[in-house]
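Report on the structure
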Amino acid sequence: MKHDQGRRIVGNEGAAFCGPCHSCSSKLKQVLLAFLQWTVPICRSRLSPVIPGSWLCSRADLPLSWKMFLVGLTGGIASGKSSVVQVFQQLGCAVIDVDVIARRVVQPGYPAHRRIVEAFGTEVLLENGDINREVLGDLIFNQPDRRHLLNAITHPEIGKEMVKETFKFFLQGYRYVILDIPLLFETKKLLKYMKHTVVVYCDRDTQLARLMHRNNLSREDAEARIKAQLPLKDKARMARHVLDNSGEWSVTKRQVILLHAKLERSLEYLPLRLGVLTGLAVLASLLYLLTRYLLPSP
């Protein structure tokens, strides 16, 4: 089964002041503006500098390949997503598990943990100080307001951790980063950041049999759990790549290896990496200018 489909903002200028010397600040501002006008990454053209005076551009003008090369990976219960992730990791890929991050940000010492206790009370805590996920789940069950409150507390922290991990992998030289997101197509909130989307698929009969065997469930209970999720066939229609895990595992593993090779051959990571290097060079130049114009001469 194969599916294919084709997919700096600079803030308003402001004065910089270095104490009472306004002439120094004006001079510095002119230098900074001159540098920014000729070094901000291109919005409508990648080969020529931004025309001075028109360097305020919207994000919509940015070519898609300037975005971070992210691959969103999802699947369904008992579809084999975890096994596929393990293969990607064995191949040396960078993988971010959003579920792991979600559990981490509510641990003691994190801002979300403190805010959850403030919002829901100490009854949501275990004896060791961890969040009692079962109790918290009961508190928000069928209570949209409390569920939205919990999401408002945790989602920003999850987002921060995702950005930090993604940037870490980027600095380490990875060409792409896989984000393991169970509800990628259900929430759709992260889809706009994904250059590629991958679904681990299996037919319904195989999914049902695997779930009954793995979790020791009756057919009725297994069907209920499957129905609680978006059908895999719907996810497959929305994904750019589909890994069919309905048959032998060796066949699925080969699909993963071929997809990894295809993503590794892609040059979609180059513009962003070159842009970051350019940005670092600009930053070094600005720091030099700040030192030269703000610090007194010997």
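Residues numbered from 1 in each chain as written. Predicted model: local features only at pLDDT ≥ 70, side-chain atom pairs only at ≥ 80, totals over all residues. Heavy atoms only, no water.

We now examine the overall build of the protein. Across its full length, the protein carries 12 helices and 5 strands. Counting over 298 residues, the protein shows a buried share of 39%. If you sum the accessible surface of the protein, you get close to 17,700 Å²; carbon and sulfur atoms cover 57% of it. (Helix = DSSP H or I, 4+ residues; strand = E, 2+ residues; numbered from the N terminus. Buried < 20%, exposed > 50% of the residue type's maximum accessible area, 1.4 Å probe, protein only. Areas by Shrake-Rupley, 256 points an atom, 1.4 Å probe, with all protein chains shown as cover.)

Our next topic: the pairing of strand β1 (residues 70–74). Counting buried residues along β1, 5 of its 5 residues qualify, which places the element largely inside the surrounding structure. The alternating pattern of β1 places Leu70, Gly72 and Thr74 on one face and Val71 and Leu73 on the opposite face, and all of these are buried. Examined bridge by bridge, β1 and strand β3 (residues 177–180) share 4 bridges and lie parallel to one another. By the bridge assignment for β3, Val71 is matched with Ile178. In the sheet, β1 pairs with strand β4 (residues 196–201) via 4 bridges, with the strands oriented parallel. Its bridge partner being in β4, Val71 is matched across the sheet by His196. (Pairing = 2+ DSSP bridges.)

Attention now goes to the pattern of salt bridges. Within this structure, the stated rule accounts for 9 salt bridges. Across the salt bridge formed by Arg237 and Asp234, the nearest N and O atoms sit 2.2 Å from each other. Within this pair, Arg237 and its partner Asp234 are both found in helix α10 (residues 232–238), separated by 3 residues, close to a single helical turn. Through salt bridges with shared partners, one network takes in Arg104, Glu161, Lys164 and Glu165. (Salt bridge = Lys/Arg side-chain N within 4 Å of Asp/Glu carboxyl O.)

We now examine the nonpolar core. Core analysis: the biggest nonpolar cluster contains 33 residues, and Ile116, Phe120, Val124, Leu136, Val177 and Leu179 have the highest contact counts within it. Ranked by residues supplied to this core, first place goes to helix α6 (residues 144–171) with 5 residues. The contacts of Val124, once residues within four sequence positions are left out, are Ile116, Asp130, Ile131, Asn132, Val135, Leu136 and Leu139. Core analysis: the second largest hydrophobic core is formed by 17 residues, Val84, Cys93, Leu243 and Leu259 among them. (Core = buried A, V, L, I, M, F, W, Y, C linked by side-chain atoms within 4.5 Å. Contact = heavy atoms within 4.5 Å.)

Here we come to the layout of surface pockets. Roughly 400 Å³ of internal volume is contained in the second largest pocket. Around the second largest pocket, the lining is made up of 21 residues, and of these Gly76, Ile77, Ala78, Lys81 and Ser82 lie nearest the centre. The element that contributes the greatest number of residues to the lining of the second largest pocket is helix α2 (residues 81–90), accounting for 3 residues. Residue classes in the lining of the second largest pocket are distributed as 5 nonpolar, 8 polar and 8 charged. (1 Å grid on protein atoms, 1.4 Å probe; cavity = no way out; pocket = protein on both sides within 12 Å on 5 of 7 lines; lining within 4 Å. Points joined across faces, edges and corners; volume = space filled by probe spheres on them. Nonpolar A, V, L, I, M, F, W, Y, C, P; charged D, E, K, R; others polar.)

Unlike most non-glycine residues, Ala78 shows phi in positive territory, near 65°. By the element assignment, Ala78 lies in the loop between β1 and α2. Ala78 gets classed as buried once you look at its relative accessible area, which sits at 10%. Within the chain, Asn216 stands out as a residue other than glycine whose phi angle is a positive 55°. With respect to the helices, strands and loops of the structure, Asn216 is situated in the loop between α8 (204–215) and α9 (219–227). Residue classification places Asn216 among the exposed positions, given a relative accessible area of 72%.

In contact at an axis separation of 9 Å, α8 and α9 are set at 120° when each is read in the N-to-C sense. Relative to α9, α8 is oriented oblique. In this structure, α8 meets α9 at a crossing whose hand is right-handed. Listed contacts from α9 to Arg204, Gln207, Leu208, Leu211, Met212 and Asn215 of α8 are Arg219, Ala222, Glu223, Arg225, Ile226 and Lys227. Considered class by class, the residues forming the contact of α8 with α9 number 5 nonpolar, 2 polar and 5 charged. (Axes fitted to C-alpha atoms, helices over the stretch in contact; angles between N-to-C directions. Parallel < 35°, antiparallel > 145°, perpendicular 65-115°, else oblique. Left-handed = near helix turned anticlockwise from the far one by under 90°.)

Regions with low pLDDT carry predicted coordinates that are not meant to be interpreted in detail. On average, residues of the protein score 78 in pLDDT, and 72% of them are at 70 or above. In this model residues 1–67 is a low-confidence stretch, pLDDT under 50, and it forms 92 contacts with partners more than four residues away in sequence or in other chains. (pLDDT = per-residue confidence, 0-100.)

Another point: α6. With 28 residues, α6 extends 40 Å between its outermost C-alpha atoms, agreeing within 8% with the 40 Å of an ideal straight helix rising 1.5 Å per residue. In the structure, α6 departs most strongly from a straight axis at Thr154, where the bend amounts to approximately 25° and where the proline Pro156 lies between one and four residues downstream. Among all positions of α6, only Leu150, Ile153, Thr154, Glu157, Ile158, Glu161, Met162, Glu165, Thr166, Phe169 and Phe170 are buried. Remark: Gly173 follows α6 within two positions and exhibits a positive phi of approximately 95°. (Expected span 1.5 Å × (residues − 1). Bend = angle between axes of the 7 residues up to and from the residue.)

On to the sheet that holds strand β2 (residues 94–97), then. With respect to topology, 5 strands assemble into an open sheet ordered β2-β3-β1-β4-β5, the strand pairing being parallel. Edge positions in the sheet fall to β2 and β5 (241–244), since each has one partner strand and no second. Sheet twist, expressed as the mean angle between neighbouring strand axes with direction ignored, is 25°. Those strands touched by α6 are β1, β2 and β3, and its axis lies near 175° from that of β2. Of the strands in this sheet, β1, β4 and β5 are in contact with helix α11 (residues 249–265), which crosses β5 at around 155°.

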